[in-house]
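Chain residues, written in single-letter form:
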2 protein chains.
Amino acid sequence: MSDSALLPHILDLASVSRHSLPQDARKMAQLSLFDWMVVSLAGADQPLAHIIRDFVMAEGGVPRAAVTGATVRLPARAAALANGTISHALDYDDTHFAYIGHPSVAIFPAALAAAEDMGASADDVVDAFLIGAESACRIGMVLGRDHYDAGFHQTATSGAFGATIAASRLYQLDRAATSAALGLVSTRAAGLKSQFGTMGKPFNAGAAAANGIEAASLAKRGFTASTDAFAGAQSFLAAHHGAAGGSAAIDGWSFDQFFFAAVSHKLHACCHGTHAMIEALLLLLADGAVAVDDLDEIQVYIAPRWQNVCDIKAPETGLEIKFSYVFLAAMALRGVNLAAYESYDDGLCHDADLIELAKRVKVIGDDQIADSAARVDLKRKDGQSRSQSFDLLSSIDPALLGTRLLAKAKALIGDDRANDLWAMTNALEQALASDIAAKLQG
Amino acid sequence: MSDSALLPHILDLASVSRHSLPQDARKMAQLSLFDWMVVSLAGADQPLAHIIRDFVMAEGGVPRAAVTGATVRLPARAAALANGTISHALDYDDTHFAYIGHPSVAIFPAALAAAEDMGASADDVVDAFLIGAESACRIGMVLGRDHYDAGFHQTATSGAFGATIAASRLYQLDRAATSAALGLVSTRAAGLKSQFGTMGKPFNAGAAAANGIEAASLAKRGFTASTDAFAGAQSFLAAHHGAAGGSAAIDGWSFDQFFFAAVSHKLHACCHGTHAMIEALLLLLADGAVAVDDLDEIQVYIAPRWQNVCDIKAPETGLEIKFSYVFLAAMALRGVNLAAYESYDDGLCHDADLIELAKRVKVIGDDQIADSAARVDLKRKDGQSRSQSFDLLSSIDPALLGTRLLAKAKALIGDDRANDLWAMTNALEQALASDIAAKLQG
C-alpha cells in the first residue's frame, strides 16, 4: 500500500457517523474534554496567556467564539489560536504515546471554535474532536518516530491535520472539500520540539488549532489545494521525514477500534517520565502496608532513556523538582499532592526531611523496562521488601480515571469550579458548544 | 562556522541603517515595489482573490491595513495573508534565483501592513522590505538546494523569515525581540512546492507574510521562543533538509553588497524557463535585421532541464502556450505582446500562421547552457545566420528595466493606473505607507 492510501483512509475516518463511534474511545474523549477545560482555566493567568489574548484582542473581529480567560468573543481562528496556546501553558494536558503528541490542546480549540461558529451541540464537539484526534493518531503513526526524532513536534504537525478534520466536520464539508482542506493544511502544518521550555511550545498547539480552522474555512469557500501535498512524493509526509513505508500498517486499521482510547491523562504536574514511578508508589501506599520511616532503601527501575531527562539528584527549584525521580519519590512517600501546581515550591528543595528521604531513593536504568513503565522495590530495614510495577499504557477504568481527574481538577481550579465542569461533562447531551465556551470565559 | 552563526548574522543584517543600504539593491527594491503593486492589482479579480478576501473580511477586526481589491481595512496579519495570496495569483512577480524564491509576494505584504499599522513612510516600507528580502536570500542560500529539492517552497519558508525581519524592523523590535520573533517563526514557517498549479501556491506567499506579522507582533509583546529553533541541532534548518555546512559561506558575506540586487523581474506572462529565449529573440528583432518570412529555421539552445518543463510542441490551451518554447518563439517573432495576460488566448492555438512558424523552431538541450540562459540561432533561407545569447542573471540597466516594467504594467492594468503607480514610485520620499496601500484598494 502506498502512502497515497492515507488520504482516502482519513477521509473515510472523517465521515464515520456518531452512532458508529467506538464507545470506549468516546468516553475517553469526554474525559479529555473535562481535563482540557480544567487545564485551560488553570493556565488562563499564565504570562503567555495574557500575551496571546492581548494579541488576538487587539486584532478584534466578528464575535463568533469565546476566548479562554476573557469576556470578549472573536473569530473562530483567533479563538483557536489563543485557546490552544493557553490550554498547553501548564503542559498538564493529555498525551497519546502512539504518536507522542498532545491531542486535546491542538484539536479541542479548533472543534470548540468551529462548533460555536456553527451553533453546534456539545456532543458535536466531542464527536468532531474524537475523529480529529483519531486522525492525528493515525497520521502521526504513519509519520512515525523518524519525524519526531528529526525535530518535529507532533502535537503541532499531526495536530494540525487533526484540527482540520475536526473543523471540517463541524463546518459540514463534503468529502471533496475535506480533501482540499487536508491539502491546504499540508502546506501550513509545522512545529518544532526545540521550542520546549519556551512559550513557543504551547504556541505550537494554538497554531495547529488555528491552522485547522483556516484550512477548513477556506476549503468551505472553494479554495483549492493539491491533495498530493498530503501524502506521496514531495508531500508533507515525504518532506517531513515521514517513516518510509509507515503507511503499510493502514491495511490493518479498522474504524471499529480507535487508537485514541489509549490516550493518557496527566495526573501529576511533573515530567511524564516520572509518572509510572509515582503510580507504583501510590499503589504501594494505598494498601497501607508501608511505613515510610521503616524503609531502608527505595529502588526505582526505569527505562534508561529517562535518566537524561528527569533524574536530577538535588533539585534547586520547583521546576527542577518536576524532573527529579528521587525528590518526587520522597514527596509521594510523604503524601504531598503531586497533582497540585502549588506543591512544586522552590522552598521544598531545602526541606531537610525530604532531602534525607530522597537520598534513600536509588534510580536504576533497566533496558527491560518500557518507556511508559517503572518498577519500585521498597527495602525495609528489617530486610523485607515489597515490589510494584506500573505501565502508563495499561488500561484504566474510566470511572476511576474520572475520579482522579476530578481530584486533579479540584487541586488546580478549586472544588466549586471543578464540580461545576464535572456536572456539565456528565450531562453533555443537554449542552451546546457555547455552554462549554462560556465556562472558559473569565 | 557553525549553523548557529546564522542567527547573529541575520540580526546584524536586520539592524543595517538606511544610509548604509547598498544603493543598487535599494533601487531594485523600489522597482520590485512597483512591480508588486502592478501584479497585485492585476490579480485582484482572480477567483482565489475573492475567496481569501471573503475569508478575512468575514473575520473582520480592527482596521489597521488595506486589503488589495477591497475598500475595508483589517488587522495587519489578515491584510498580509490576503495581500500576499492575491499578489501571487498570476505568478507574474519577481524571482530570486539565488534561493529560488519569490521575494516580493511574501515580504511586501508584511512590510506594508506593519508600516500602515505603525504610520510609517513609504521609504520605511522599501527599507524594511529590502532587509527582509536580503534575509530571505541569505537564509534561503544556507537552506540550499537540498531544501528545495525535498519539496519545500522557498517563497514560503525563507519568505516567512524575511517577512518576520521586515515586520520586526517596522514594529521597532530591539535585537532580543527580533531574535525571539525569528525563534517563533521557526516553528511556523512552512510551505510545499507540491501546491504548484493550485491556489495553494499563492496561499504559501500569503501565509509567509502573515507568519511574519504574527511572530513580530507576539515578540513585541514579550512572547518568548527558543532561538535554537532557528539554526543548529533540531532547528528549522536541520529538520527541513538545510544543506549541511551551507552556512560556511556566511564568512564571506558582507553588508556592503546585497544578493537582492540580482533579483529577476518577470517581463513575460509565461514560464520563467522560456524568458531567456524570448529576451534573445527580442534583441534579434530590435536591430531590425530580421525578416521573419526569410527564416528557414529558428534554433533555440537551452539547458536540458527545461525540456521537461516548458517544451510543449503543440499547445492546446492558453495555459499550455506558456510552457511552449516553439509557440512562444513564433509569437515573439510575430510581435505579440508576451507581457500581456490577454495574449495567451486558447484560440491562438489554432492560428495557422503561428502553427506553421512554430514548426520551424527547433529546441535543443545543451548542457553547456546555464539554467538562466538561452541562445537563439536564426537560419535564413539564403544560408546566412544570426545568433544571440541571453542570461537572465546578467545585470540590466535599472532605467531600461523600469521602462520595461512600466510597459508590462500598462499591458496588465492599463495606461492610467500604470502611470499613476509609476509616478508615486518615483516620488516615494513624499509618500506614506498608507498612500501605497490606498493604491491597492478597489
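Residues numbered from 1 in each chain as written. Chains lettered and ligands numbered in written order. Predicted model: local features only at pLDDT ≥ 70, side-chain atom pairs only at ≥ 80, totals over all residues.

Peer 1: Explain the overall build of chain A here, please?
Peer 2: Within chain A one finds 17 helices and six strands. What you see for chain A is a C-alpha radius of gyration of 22 Å, in line with the 22 Å of a compact globule of 442 residues. Seen through its principal axes, chain A has C-alpha atoms that stretch 75 × 50 × 40 Å. Taking all 442 residues of chain A together, 58% fall into the buried category. Restricting the contact set of chain A to residue pairs at least 6 apart, pairs at least 24 apart contribute 80%. (Helix = DSSP H or I, 4+ residues; strand = E, 2+ residues; numbered from the N terminus. Rg over C-alpha atoms; globule rule 2.2 N^0.38 Å. Buried ≥ 20, exposed ≤ 12 C-beta atoms within 10 Å, placed from the backbone. Contact = placed C-beta atoms within 7 Å.)

Peer 1: I would appreciate a short explanation of the interface of chain B and chain A in the present structure.
Peer 2: It is common to report an interface's size as the accessible area lost on association of the parts. Each partner contributes to the interface: chain B provides 48 residues, whereas chain A provides 48 residues. Here the residues of the side of chain B that touches chain A sort into 22 nonpolar, 19 polar and seven charged. (Nonpolar A, V, L, I, M, F, W, Y, C, P; charged D, E, K, R; others polar.)

Peer 1: Explain the domain arrangement of chain A here, please?
Peer 2: Residues and elements named next belong to chain A. Domain parsing of chain A yields domain 1 (3-264 + 398-440) and domain 2 (272-391). Inter-centroid distance (C-alpha atoms) of domain 1 to domain 2 is 33 Å. Counting residues at the interface gives eight residues for domain 1, matched by six residues for domain 2. At four residues, helix α15 (residues 398-413) tops the list of elements feeding residues into the side of domain 1 that touches domain 2. When grouped by side-chain class, the residues that make up the side of domain 1 that touches domain 2 number six nonpolar, one polar and one charged. (Domains from an automatic or database assignment.)

Peer 1: How should the relation of the copies chain B and chain A be read in this particular structure?
Peer 2: Note: a rotation about an axis with an accompanying shift along it relates these two copies of the chain. Note on the identical chains: chain B maps onto chain A by a rotation of 180° and an axial translation of 0.1 Å, with an RMSD of 0.1 Å. The transformation just described matches what one would write down for a two-fold rotation axis. Ranked by how close their C-alpha atoms come to the rotation axis, the residues of chain B are headed by G61 of chain B, at 1.8 Å. (Least-squares fit on C-alpha atoms with pLDDT ≥ 70 in both.)

Peer 1: How do you make sense of the sheet that holds strand β5 (residues 373-380) of chain B when you look at a structure like this?
Peer 2: Neighbouring strands of a sheet are bound in pairs by backbone hydrogen bonds; such pairs are parallel or else antiparallel. Residue and element names in this part refer to chain B. In spatial order, the strands read β4-β3-β5-β6; together these four strands make up an open sheet with mixed pairing. A single partner strand is all that each edge strand has here, and the edge strands are β4 (361-365) and β6 (385-391). Between one strand and the next, the sheet's axes are offset by a mean angle of 15°, whatever the strand orientation. Pairing analysis gives seven bridges linking strand β3 (residues 295-302) to β5, with the strands arranged antiparallel. The residue of β5 that forms the bridge with E297 is K379. (Pairing = 2+ DSSP bridges. Axes fitted to C-alpha atoms, helices over the stretch in contact; angles between N-to-C directions.)

Peer 1: Before we go on, may I ask you to explain the sheet that holds strand β5 (residues 373-380) of chain A in this structure?
Peer 2: Residues and elements named next belong to chain A. Taken in spatial order, the four strands make up an open sheet running β4-β3-β5-β6, and their pairing is mixed. Since the sheet does not close on itself, it has two edges, and those belong to β4 (361-365) and β6 (385-391), each with one partner. Strand after strand, the sheet turns through a mean of 15° between neighbouring axes, direction not considered. Judged from the five bridges that link them, strand β3 (residues 295-302) and β4 form a sheet pairing that is parallel. Across the sheet, residue V300 finds its bridge partner in β4, namely V363. Most of the contacts of helix α13 (residues 325-333) go to β4, to which it runs at about 130°, and overall it touches β3 and β4.

Peer 1: Looking at this structure, I do not really get the environment of G365 of chain B. What am I missing?
Peer 2: Within the secondary structure layout, G365 of chain B lies in strand β4. Linking G365 of chain B and Y301 of chain B, residues 64 residues apart in sequence, is a C-alpha distance of 5.8 Å.

Peer 1: Whenever I open this one, the environment of S387 of chain A confuses me. Can you help?
Peer 2: Residue and element names in this part refer to chain A. Structurally, S387 can be placed in strand β6. For S387, a count of 13 C-beta atoms within 10 Å puts it in the partly exposed group. Separated by 89 residues in the primary sequence, S387 and I298 place their C-alpha atoms 9.9 Å from one another. Excluding anything up to four places from it in sequence, S387 contacts R375 and D377.

Peer 1: Help me out: how do you make sense of unusual backbone geometry in this one?
Peer 2: Positive phi is not limited to glycine here, since D91 of chain A has a value of about 55°. Tracing the chain through its elements places D91 of chain A in the loop between α4 (76-87) and α5 (103-118). We classify D91 of chain A as buried; it has 21 C-beta atoms within 10 Å. Here the phi dihedral of Q234 of chain B falls at roughly 60°; this positive angle occurs in a residue that is not glycine. Q234 of chain B sits in the partly exposed class, given 19 other C-beta atoms within 10 Å.

Peer 1: Got a minute to help me understand the pairing of β6 of chain A in this structure?
Peer 2: All names here are of chain A. Pairing of β5 with β6 involves seven bridges; the strand directions are antiparallel. The partner of V376 across the bridge, within β6, is Q388. The turn joining β5 and β6, which pair antiparallel and follow one another in sequence, is formed by four residues; a positive phi near 95° is taken by G383.

Peer 1: It is not clear to me how the environment of T71 of chain A should be interpreted in this structure. Could you clarify?
Peer 2: Residue and element names in this part refer to chain A. In this structure, T71 sits in the loop between β1 (65-66) and β2 (73-74). A count of 8 C-beta atoms within 10 Å places T71 in the exposed class. For T71 and G442, which are 371 residues apart along the polypeptide, the C-alpha to C-alpha distance reads 5.8 Å.

Peer 1: Explain the nonpolar core to me, please; I cannot follow it from the model alone.
Peer 2: For soluble globular proteins, nonpolar side chains are generally found buried alongside one another. Judged by nonpolar contacts, the single largest core of 317 residues is most densely connected at A111 and A329 of chain A together with A111, F129 and A329 of chain B. With residues up to four places along the chain from it excluded, the contact list for A329 of chain A reads M277, L281, I298, V300 and V361 of chain A. (Core = buried A, V, L, I, M, F, W, Y, C linked by C-beta atoms within 7 Å.)

Peer 1: Teacher, can you tell me more about helix α5 (residues 103-118) of chain B here?
Peer 2: Each α-helix turn comprises 3.6 residues. Residues three or four places apart therefore point the same way. Residues and elements named next belong to chain B. Here α5 contains 16 residues, and its C-alpha end-to-end distance of 22 Å stays within 8% of the 22 Å for a straight helix at 1.5 Å per residue. Across the 16 residues that make up α5, a large majority, 15, are buried. A positive backbone phi angle near 65° is found at G119, which sits one or two residues after α5. (Expected span 1.5 Å × (residues − 1).)

Peer 1: It is not clear to me how the packing of α15 of chain A against helix α16 (residues 415-425) of chain A should be interpreted in this structure. Could you clarify?
Peer 2: Two packed helices can be described by the angle between their axes and the distance between those axes. Residues and elements named next belong to chain A. Viewed as axis vectors pointing N to C, α15 and α16 meet at an angle of 140°, and their least axial separation amounts to 7 Å. Looking at the two axes, α15 sits oblique to α16. You can see that α15 and α16 cross each other, and the crossing is right-handed. Of α16, the residues touching α15 (which contributes L406, A409, K410 and I413) are D415, R417, A418, L421 and W422. Of the residues in the contact of α15 with α16, the class split is six nonpolar, no polar and three charged. (Parallel < 35°, antiparallel > 145°, perpendicular 65-115°, else oblique. Left-handed = near helix turned anticlockwise from the far one by under 90°.)

Peer 1: Honestly, helix α11 (residues 275-286) of chain A in this entry has me stumped. Any pointers?
Peer 2: Residue and element names in this part refer to chain A. With 12 residues, α11 extends 16 Å from end C-alpha to end C-alpha; this agrees with the ideal 16 Å at 1.5 Å per step. For α11, every residue scored as buried is listed here: H275, A276, M277, I278, E279, A280, L281 and L284. Looking at the buried positions of α11, the neighbouring elements they touch are β3, α13, β5 and β6. Two residues or fewer after α11 comes G288, characterised by a positive phi angle close to 75°.

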